[in-house]
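Per-entry structural report
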Amino acid sequence: MKKVIVPVRKLAGEIELPGDKSISHRALMLTSLADGESEIYNLSACQDVKSTAQCLRELGIKIEMANNRCVVQGKGLVGLNQPDKVLDAGNSGTTMRLLSGILAGQEFPSCITGDESLRRRPMRRIIEPLRAMGAVISGRNDNFAPLCIEKGALKGIEHKLKIASAQVKSSILLAGLFAEGETIVDEPALSRDHTERMLDFLGAEIVAKKRRVVVKSFPRLRAKKIIVPGDISSAAFFLAAAAIVPDSEIRLKNVGMNPSRTGILDVLKMMGKNVRIENFKITNNEEMADLIMTSHKLKGVEIGGALIPRVIDEIPIIAILATQAEGETVIRDAVELRVKETDRIRSVVENLKKMGAQVQELPDGLVIQGSQKLKGTKIDSFGDHRIAMSFAVAGLVAEGETEILGAECADISHPSFFVQLEKIYA
C-alpha cells in the first residue's frame, strides 16, 4: 500500500494516542505470570502486541479483548503450557527477546521464530546471558531465530551489558524470576525501565538503582488493573510535525512520561522548543500527561552518549526535524540503529537524499544539514514502521507530493497513524 502526503499550511487539534507498545507487551506477559484475572486498559492494538498476545495464547493463557478493555487470566509463574507448534513473534523483537527469557524458565521445550525481518536480527545478545544462567538455547548460526529452548536449571547471575538495551535487560530479568538466587543486570546507560516498574507494581522483589537492577527469584505476582499510557514514541511524530509546520498547535492526551522514554522532549528543548505539559499523574508506576506542541524555529544540535538509549526509536524523526532546523545536527553512538527492523541509519540517509537533503552517513549515526527545502518523491519504507511515519511527517513540509511505499507497515506500532495525521490537517 502506498500513502500520498501533500504539504499542509498548519496542524491543529487533539489526539488520543494508542497505548504504549513497550508497556503493552510487558503488561500481557507479566499478567500472564500473575495469579488471577487482570484488566488492562488502552492496550496497544498494533501488530507487534497482537503477536505477543497470540504467543501467550499458544502457551495456554486466556486473553479476551473488547473495546478498550483486555482481560488476562493469569496462571502464575509455573502455569504455562507447552505449545503445540512453533511460536511466531511476527516482526516483534520485543516479543521474541522478552518471551525467550520466560521460556528459559519453563519445564517444557519450545521454539520461537518470526518474519523474515526478525529472523535477520541478532539474538546472541540474549542467547549468551541466558546460557550463562543455565538455559539450554540454540539458534540459527548461534545468533538468529528460530530459537529453540529446552528445560535447564537456572541460576542467578550478574551480567554487565556492553550496550544499553531494554530488551536484553528485560530478557535476563524475566529469566531471573525462575532462577535460583538473585539476578543482577548492570547497564552502561539507562534504558527504558518498564519491566522493572511493572514487576514492582505486580509484587516482585526488585530493586533498581541508577543503572543496576536486582531481582529475586520465584515471586508471587498479583493480578491487578493496568492502564497503559499513550505511546510517547508515537507522540514523537506528531510533536515533530507540529514543530515544523508553521502556525500549528496540537494537544496529545495522556502520553507516557516515563523519564527513561522522554528523551525526545529533551532533544526538542535542546533544539529550542519546550513542550508544554499539563494534567500530570502517575498510574500503575508510570507517569503520564497531556503534551501541547506549537510550531517553533529550531536549531541544530549534537546528540550522543547517555541520551541515545532514551531516543533510540525517535532518531529517524529527529533526523527529519534536523533538516528544518538552523545549522548542523550530528547524531553519534547510535550503532544500535543498524540492527532494527531495517538499517535505520542507511534508510534515513537514502530517503533524505531522495528528497534533496544534504546528509552524511556515519558508522554510528548521521550528520544532517539544516534549513533545507525538501522535495516530494517516492519514499521506500523498507518495511519499517518508523521510517514510514517519519517520512510522512517530512512530506508535510516538502514541495509537491510524497509517496510512502509500503505504508501499511505503520500498523506494526500505530495502526491509526495516517487517520490521526489527517485528523489534525487544518
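In case you missed it, the structure is sitting above this.
Residues numbered from 1 in each chain as written. Predicted model: local features only at pLDDT ≥ 70, side-chain atom pairs only at ≥ 80, totals over all residues. Heavy atoms only, no water.

In terms of helices and strands, the protein chain carries 13 helices and 23 strands. In summary, the protein chain has a C-alpha radius of gyration of 21 Å against a globular reference of 22 Å for 426 residues, a match within 12%. Going through the 426 residues of the protein chain one by one, you find that 60% of them count as buried. Of all intrachain contacts in the protein chain linking residues separated by at least 6 positions in sequence, the fraction that spans at least 24 positions is 75%. Carbon and sulfur atoms form 47% of the exposed surface of the protein chain, whose accessible area is close to 16,200 Å². Positive and negative side-chain charges of the protein chain, numbering 58 and 54 respectively, have mean locations separated by a distance of 1 Å. (Helix = DSSP H or I, 4+ residues; strand = E, 2+ residues; numbered from the N terminus. Rg over C-alpha atoms; globule rule 2.2 N^0.38 Å. Buried < 20%, exposed > 50% of the residue type's maximum accessible area, 1.4 Å probe, protein only. Contact = heavy atoms within 4.5 Å. Areas by Shrake-Rupley, 256 points an atom, 1.4 Å probe, with all protein chains shown as cover. Lys, Arg positive; Asp, Glu negative; His and termini not counted. Charge placed at Lys NZ, Arg CZ, Asp CG, Glu CD.)

Backbone-to-backbone hydrogen bonds join strands into a sheet, with any given pair of strands oriented parallel or antiparallel. Pairing in this open sheet of four strands is mixed, and the strands run β2-β15-β17-β16 from one edge to the other. Two strands lie at the open edges of the sheet, namely β2 (12–16) and β16 (276–283), each paired on one side alone. The mean inter-strand angle of the sheet, taken between neighbouring strand axes irrespective of direction, is 10°. Note: strand β15 (residues 249–256) against strand β17 (residues 286–294), six bridges, orientation antiparallel. Residue L252 lies in a different strand from β17, and its bridge partner there is L291. (Pairing = 2+ DSSP bridges. Axes fitted to C-alpha atoms, helices over the stretch in contact; angles between N-to-C directions.)

It is worth spelling out the sheet that holds strand β7 (residues 110–113) at this point. Taken together, four strands build an open sheet; the order of strands is β6-β7-β9-β8 and the sheet is mixed. Across the chains shown, the open sheet's two edge strands, defined by having one partner strand only, are β6 (87–88) and β8 (136–140). Alignment of β8 against strand β9 (residues 144–150), held across five bridges, turns out to be antiparallel. Paired with V136 across the two strands is E150, which belongs to β9.

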